[in-house]
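In case you want the letters, here they are:
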Amino acid sequence: MRPPAFRSAFIALPIALGALAIGAASASANSQQWGDNGSATCAYAEAYWDPSKESAPLGMYCMQSVTGWIQISGLTSQQQQISCSNNDSSSGLSYSLDGQSYTNAGPWYALAYSGSGDPDAGGPYNNIGWQTGNGGNASLSGEAWTGGISTGSTATGSYGAGGAGVTNWSEGGYWQTAIACVNAAGATASGQSPFERTARSLERSSTQVAHASAPRARDRKLDIVDTAKGKASLAREYALKKNVTRTDTRTCPAGMVRKGKLAYTVQEFPANRKSPKWKDRALVDVTMTPKGKNAGRVEMTLTRAKHPTVVQFQMRCAKA
């Protein structure tokens with residue numbers, strides 16, 4: 001993360017300096033803790049387990065949950081909420097795998113515990129990575145995730161969620177992010193859940209190859225609510241159809257009020273899983289409206305798209 005003074009300077013960047021930054025930068029595919037389709041997130045977490053499972057087959061203990069391609073404009077910072085539910089077999093699993101060999105040992109509900117990490121960015125559970133797409137001119141740096149985490153549980157079948165933050169120092173382009181998630185065996189091996197039993201399905205050790213099925217864009221709620229600390233990061237994803245307007249209103253949990261600005265991201269899911277070209281990007285008209293002290297409304301209309309397109313609407317809440 002860049003120092004606060006640098007970030008403040010970025011916010012107040014003069015137009016002339018901004019033009020210089022754009023002109024000087026070229027297309028640059030950069031990444032952080034990515035590896036093979038985000039698998040470095042699992043390798044990082046597993047390396048801290050005792051004994052280490054870093055070289056274990058993908059999916060046996062940990063599976064990275066991968067997003068689609070997220071649009072980011074030039075000289076912009078973004079936060080993206082990520083859920084382990086991207087790894088459910090009905091929608092996101094094929095996108096997370098991207099043709100890799102894996103052990104079919106799901107479901108992977110809980111965030112992976114690494115025993116290391118920045119507490120302000122989700123601590124040792126928020127094991128994230130990201131990469132920049134080659135369909136634009138984005139050049140990214142990693143930023144702290146500010147939305148908290150929900151660890152999830154293999155015992156209760158609840159999906160964990162965390163997030164990633166980036167700043168784009170160049171022109172418009174794409175990025176995608178991943179978060180490490182574990183099954184019952186991974187939760188036990190990491191020591192984060194010693195009372196959970198290994199599911200029978202984990203006894204299978206045969207390696208499979210992910211099918212290149214078309215990814216499914218669908219509605220999904222990824223809320224992170226911390227009642228003890230009195231804060232929440234509400235995020236909902238909306239699968240859009242061309243020229244169809246969708247609206248929704250989100251309300252903070254009881255005892256909390258809206259905090260900060262409403263935000264959204266646009267995410268695309270090409271069937272070939274490659275970064276789209278910026279000139280062909282999906283176009284979405286989005287209007288966000290604060291409602292009172294504890295709610296926010298979003299209106300979305302998809303006007304152009306070559307790929308399935310999802311909008312993630314984000315609202316932060318804090319104790320009243």
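Residues numbered from 1 in each chain as written. Predicted model: local features only at pLDDT ≥ 70, side-chain atom pairs only at ≥ 80, totals over all residues. Heavy atoms only, no water.

Participant: Where do I start with the nonpolar core in this structure?
Facilitator: Nonpolar side chains in soluble globular proteins tend to be buried together. In this structure, Leu 140 and Trp 175 are the most contacted members of the largest nonpolar core, which totals 19 residues. Sorting elements by how many residues they give to this core places strand β10 (residues 173-182) first, with three residues. The contacts of Leu 140, once residues within four sequence positions are left out, are Asn 30, Ile 72, Trp 130, Thr 132, Val 166, Thr 167, Asn 168, Trp 169 and Trp 175. The next biggest cluster of nonpolar side chains, apart from the first, holds 18 residues, and it includes Ala 232, Cys 252, Met 300 and Phe 313. (Core = buried A, V, L, I, M, F, W, Y, C linked by side-chain atoms within 4.5 Å. Buried < 20%, exposed > 50% of the residue type's maximum accessible area, 1.4 Å probe, protein only. Helix = DSSP H or I, 4+ residues; strand = E, 2+ residues; numbered from the N terminus. Contact = heavy atoms within 4.5 Å.)

Participant: Looking at this structure, how should I read the confidence of the model for the chain?
Facilitator: Close inspection of predicted coordinates is inappropriate in any region flagged by low pLDDT. Chain-level pLDDT for the chain is 84 on average; 81% of the residues reach the 70-or-more range. Per-residue pLDDT stays below 50 along residues 1-28; that stretch engages in 29 contacts with residues further than four places along the chain or on separate chains. (pLDDT = per-residue confidence, 0-100.)

Participant: Looking at this model, I keep getting lost on unusual backbone geometry. Mind explaining?
Facilitator: Generally, phi is negative for residues other than glycine and the peptide bonds are trans, each holding for most cases. For the peptide bond that leads from Asp 50 to Pro 51, omega is 5°, which places it in the cis range. On the secondary structure map, Pro 51 appears in the loop between α3 (40-47) and β2 (62-66). Omega for the peptide link from Gly 106 to Pro 107 comes to 5°, which places this bond in the cis form. With respect to the helices, strands and loops of the structure, Pro 107 is situated in the loop between β5 (101-103) and β6 (110-111).

Participant: Is there a simple way to explain the environment of Ile 128 in this structure?
Facilitator: Examined against the element boundaries, Ile 128 turns out to sit in strand β7 (residues 128-132). By relative accessible area, which is 13% here, Ile 128 ends up buried. Discounting chain neighbours no more than four positions away, the residues touching Ile 128 are Gln 32, Gln 33, Thr 41, Ile 82, Gly 163, Ala 164, Ala 178 and Ile 179.

Participant: What is the right way to read the pattern of salt bridges from this model?
Facilitator: The tally for this structure, following the rule as stated, stands at seven salt bridges. The residue Arg 220 makes a salt bridge to Glu 237 at a minimum N-O spacing of 3.9 Å. Here Arg 220 is found in strand β12 (residues 220-221), whereas its partner Glu 237 is found in strand β14 (residues 231-240), with 17 residues between them in sequence. Take Arg 220 and Glu 237: they sit in the same class, and that class is buried. Put simply, Arg 250 and Asp 223 hold a salt bridge, and the shortest N to O gap is 2.7 Å. Here Asp 223 lies in the loop between β12 and β13 (224-226) and Arg 250 lies in strand β15 (residues 245-251), a separation of 27 residues in the sequence. Relative accessible area serves as the criterion here: at 24%, Asp 223 is assigned to the partly exposed category. Beyond isolated ion pairs, a larger network of salt bridges with shared partners links Lys 279, Asp 280 and Lys 306. (Salt bridge = Lys/Arg side-chain N within 4 Å of Asp/Glu carboxyl O.)

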